[in-house]
Amino acid sequence: MRLYFIRHGQPIYDPDSLTPLGHEQAKALSKRFLNLGLNKVYSSTSTRAIQTAQPTCDLLGKEPILCDWAHEAHAFDDFSAKDQGGNLQWILEVPEMVRKLNDPEVKKLGRAWYTHPYFADTNFARGVNRVDAAVDTFLEELGYRHDRENGCYHIIGDNPARVALFAHYGFGLAFLSSVMDIPYNVFYPRFNICHTGVTEILFYHHGDGMVIPQIVQHSGDAHLYREGLVR
């Protein structure tokens, strides 16, 4: 199976929607998937994610399967922290929090990084556990049972060839770190996702039913260059 994670197009956050450029980005993206084909299309319940998925669904004759667990609002509640002014911000917008995420003592905790006393007053533990549970349910429905202890998956059913999930940046980094079994504090500060950027994950079969996912490309934006939308 190839799993495609796509961030929404250029947004208007209030009201939740896409800018004119965002709609053009979504149309450019749809041409990319017209050539590839998709068996299933999933989307966050956010309007901007649905609007990004819609041109692809229209071309392929698919209905998006809506996933509230992928909504950015939940991710922000889980992965935000207060800045020096006391305002809630995404973790990467709080320099002191980035330093703590990268602290060697935090890294030594591995997958339990969020248990460090640094994070006692945050919702990070809740966020990691929530996303992990959603990822495991999602992939099990696609025929892959997650074995987190061994950092792999086991085939348990028929696997669709190509699946896409349209969602968000903040949620996306938590989602990808969970799928790939890379601790969030290691993954999050080191990766970005552009608008309509496509991350392609190949679920590579190693025999005996064991599968280890490989990121083939991260935040691919060739469709934007092809349509002259890079500005």
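Above this note sits the structure.
Note that the coordinates shown come from a computational prediction; the quantities given were computed from them, not determined experimentally. (Residues numbered from 1 in each chain as written. Predicted model: local features only at pLDDT ≥ 70, side-chain atom pairs only at ≥ 80, totals over all residues. Heavy atoms only, no water.)

Caption draft 1: Examining the sheet that holds strand 11 (residues 198–205) more closely. One open sheet accounts for 8 strands, arranged 5-4-10-1-11-12-9-8; its pairing is mixed. Only two strands of the sheet have a single partner each, and these edge strands are strand 5 (65–67) and strand 8 (144–147). For this sheet, the mean inter-axis angle between neighbouring strands, taken without regard to orientation, is 30°. Pairing of strand 8 with strand 9 (residues 152–155) involves 4 bridges; the strand directions are antiparallel. Bridge assignment links His146 to a residue of strand 9, and that residue is Tyr153. Contacts from helix 1 (residues 20–36) reach strand 1 (2–7), strand 10 (162–167), strand 11 and strand 12 (210–220) within the one sheet, and its direction differs from that of strand 1 by about 175°. (Pairing = 2+ DSSP bridges. Helix = DSSP H or I, 4+ residues; strand = E, 2+ residues; numbered from the N terminus. Axes fitted to C-alpha atoms, helices over the stretch in contact; angles between N-to-C directions. Contact = heavy atoms within 4.5 Å.)

Caption draft 2: Seen up close, the environment of Gly170. With respect to the helices, strands and loops of the structure, Gly170 is situated in helix 7 (residues 169–180). Taking relative accessible area as the criterion, Gly170 reaches 0% and is therefore assigned buried. Spatially, the C-alpha atom of Gly170 lies 6.4 Å from that of Ala75, the residues being 95 residues apart in sequence. Residues in contact with Gly170, not counting those within four places in the same chain, are Glu72, Ala75 and Trp90. (Buried < 20%, exposed > 50% of the residue type's maximum accessible area, 1.4 Å probe, protein only.)

Caption draft 3: Spatial organisation of the pattern of salt bridges. Following the criterion strictly, the structure yields 13 salt bridges and no others. Linking Asp136 and Arg148 is a salt bridge whose minimum nitrogen-to-oxygen distance equals 3.0 Å. On the criterion of sequence distance, the pair formed by Asp136 in helix 6 (residues 124–141) and Arg148 in the loop between strand 8 and strand 9 is long-range, its members being 12 residues apart. The salt bridge involving Arg145 is made with Glu140; its shortest N-O contact spans 3.1 Å. Members of the salt-bridge network, linked through shared partners, are Asp132, Asp136, Arg148 and Asp181. (Salt bridge = Lys/Arg side-chain N within 4 Å of Asp/Glu carboxyl O.)

Caption draft 4: Region of interest: the packing of helix 1 against helix 2 (residues 47–60). Helix 2 packs onto helix 1 with a crossing angle of 35° between their chain directions and a minimal axis gap of 8 Å. In this structure, the crossing between helix 1 and helix 2 has a hand that is right-handed. For the pair formed by helix 1 and helix 2, the contact residues are His23, Ala26, Lys27, Leu29, Ser30, Lys31, Phe33 and Leu34 on the first element and Gln51, Thr52, Pro55, Thr56, Leu59 and Leu60 on the second. Broken down by class, the residue content of the contact of helix 1 with helix 2 amounts to 7 nonpolar, 5 polar and 2 charged. (Left-handed = near helix turned anticlockwise from the far one by under 90°. Nonpolar A, V, L, I, M, F, W, Y, C, P; charged D, E, K, R; others polar.)

Caption draft 5: View of the environment of Glu96. Within the fold, Glu96 resides in helix 4 (residues 95–101). By relative accessible area, Glu96 is classed as partly exposed at 40%. Considered as a pair, Glu96 and Lys82 are 14 residues apart in the sequence and their alpha carbons are 9.9 Å apart. There is a polar contact of 2.8 Å between the side chain of Glu96 and the side chain of Arg99. (Polar contact = N/O pair within 3.5 Å; in protein donor to acceptor, adjacent residues only side chain to side chain.)

Caption draft 6: Inspection of the packing of aromatic side chains at higher detail. Evaluated as defined, the whole model comprises 23 aromatic pairs. Taken together, the ring pairs connect Phe79, Trp113, Tyr114, Tyr118, Phe119, Phe124, Tyr184 and Tyr188 into an aromatic cluster. (Phe/Tyr/Trp six-rings, centres within 6.5 Å; stacked < 30°, edge-to-face > 60°.)

Caption draft 7: Highlighting unusual backbone geometry. Cis peptide bonds are those with omega within 30 degrees of zero, and the linkage from Asp14 to Pro15 qualifies with 0°. Take Pro15: it is sitting in the loop between strand 2 (11–13) and strand 3 (16–18). Of note, Asp181 is a non-glycine position whose phi angle comes to about 60°, a positive value. If you trace the backbone, Asp181 turns up in the loop between helix 7 and helix 8 (184–187). Unusually for a residue other than glycine, Thr196 sits at a positive phi of about 60°.

Caption draft 8: Structural view of helix 1. The end-to-end C-alpha separation of helix 1 is 25 Å, in line with the 24 Å expected for 17 residues at 1.5 Å each. Listing the buried residues of helix 1 in full gives Leu21, Gly22, Gln25, Ala26, Ala28, Leu29, Ser30, Arg32 and Phe33. Count one or two residues on from helix 1 and you reach Gly37, which has phi positive near 80°. (Expected span 1.5 Å × (residues − 1).)

Caption draft 9: Structural context of the pairing of strand 10. Among the 6 residues in strand 10, 5 count as buried, and that is most of the element. Bridge analysis of strand 1 against strand 10 gives 6 bridges, and the strand direction is parallel. By the bridge assignment, Leu3 is partnered in strand 10 with Val163. Of the pairings in the sheet, the one linking strand 4 (residues 40–44) to strand 10 comprises 4 bridges and is parallel in character. Looking across to strand 10, one finds that Tyr42 is bridged to Leu165.

No statement about biological role is implied by the geometric values presented.
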